[in-house]
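Here is how the chains run, residue by residue.
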Amino acid sequence: MATQADNATADPAAAPRSPFERIGGHEAMHRITERFYDLMENAPEYAELRAMHAPDLAPMRASLPSFLAGWAGGPRDWFNANPGKCMVSMHSPFAIDRNTAGQWAEAMQRAIRESEVADREIADAMADVLANMARGMAKG
């Protein structure tokens, strides 16, 4: 009797897909990132979060999709280019309090909710995990 593992080996299409693939790949990560930074730049409820960032968000708009891709099981380009780094270590120099962490979490959840994705269930799960990670960065 064949097991699920045997079937996945025999038929690569039957192998479990990564969250990156399920959400819609690079295109979905770019849509989420663009919506996230658009919210940060334009929605008054994220003004304090916006003030913590550089005037030009273009470098972050370019970097975040690659981070999200690797984090979600896709290509690890961001991690290869930033060995030994993670979001927590990259943000440790900043004075992130509960309010700004909450703004980041809310903006990311909203960006994911408002973006076109291939699998809403995995997108919602990703939003929750990222929000919890952001809230965990609050100091004090």
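First, a word on scope: everything that follows refers to the structure included in this document. Residue indices begin from 1 for each chain and proceed along its sequence in written order. The predicted nature of this model means local features are confined to residues of pLDDT at least 70 and side-chain atom pairs, given and counted, to a pLDDT of 80 or more, with totals for whole chains, interfaces and linings taken over all residues. For side-chain calculations, the full set of non-hydrogen atoms in the structure is used, while hydrogens and water are omitted.

1. Concerning the side chain of S115
Examined against the element boundaries, S115 turns out to sit in the loop between α8 (98-114) and α9 (120-136). For S115, a relative accessible area of 6% puts it in the buried group. Between two residues, a contact is recorded if the distance between any of their heavy atoms is within 4.5 Å. If sequence neighbours within four positions are ignored, S115 has contacts with R31, I32, R35 and R120. A run of DSSP states H or I qualifies as a helix once it reaches four residues; a run of E qualifies as a strand once it reaches two. Both are numbered from the N-terminal end. Relative accessibility decides the category of a residue: with a 1.4 Å probe and only protein chains considered, values under 20% of the type maximum give buried, values over 50% give exposed, and everything between is partly exposed.

2. A closer look at the packing of helix α3 (residues 25-42) against helix α5 (residues 58-71)
Pairs of packed helices are described in terms of their axes, by the angle between the two and the distance that separates them. Comment: axis = line fitted to C-alpha atoms, over the contacting stretch for helices; angle = value between 0 and 180 degrees taken between N-to-C directions. The geometry of α3 relative to α5 is characterised by a closest axis approach of 9 Å and an angle of 135° between their N-to-C directions. Between α3 and α5, the angle is such that the two are oblique. Our pair here, α3 against α5, has a crossing hand that is right-handed. The residues of α5 that touch α3, namely those facing H26, M29, H30, I32, T33, E34, F36, Y37, D38 and E41, are M60, R61, L64, P65, L68 and A69. Each angle receives one of four descriptions, namely roughly parallel if under 35 degrees, roughly antiparallel if over 145, roughly perpendicular if within 65 to 115, and oblique otherwise. In a left-handed crossing the near helix is turned counterclockwise from the far helix by less than a right angle, and in a right-handed crossing that turn is clockwise.

3. Section: the nonpolar core
Membership of the largest hydrophobic core comes to 38 residues, with the highest contact counts inside it found for I23, I32, F36, M108 and I112. For this core, the secondary-structure elements that each account for two or more residues are α2 (19-23), α3, α5, α6 (77-81), α8 and α9. The residues contacting I23, other than those within four sequence positions of it, are A28, M29, I32, V117, A118, D119, I122, A123 and M126. Here, the term nonpolar core denotes a set of buried Ala, Val, Leu, Ile, Met, Phe, Trp, Tyr and Cys residues that are joined through side-chain atoms within 4.5 Å.

4. Considerations on the pattern of salt bridges
Criterion for a salt bridge: a side-chain nitrogen of Lys or Arg within 4 Å of a carboxyl oxygen of Asp or Glu. Evaluated as defined, the whole model comprises nine salt bridges. R61 serves as the salt-bridge partner of D38, at 2.8 Å between the closest nitrogen and oxygen. One end of the pair, D38, is in helix α3; the other, R61, is in helix α5, with 23 residues separating them in the sequence. When the shortest N-O distance is used, the salt bridge between R50 and E41 registers 4.0 Å. On the basis of relative accessible area, E41 is assigned to the partly exposed category, the value being 39%.

Interpretation note: all reported values are geometric properties and have no functional meaning in isolation.
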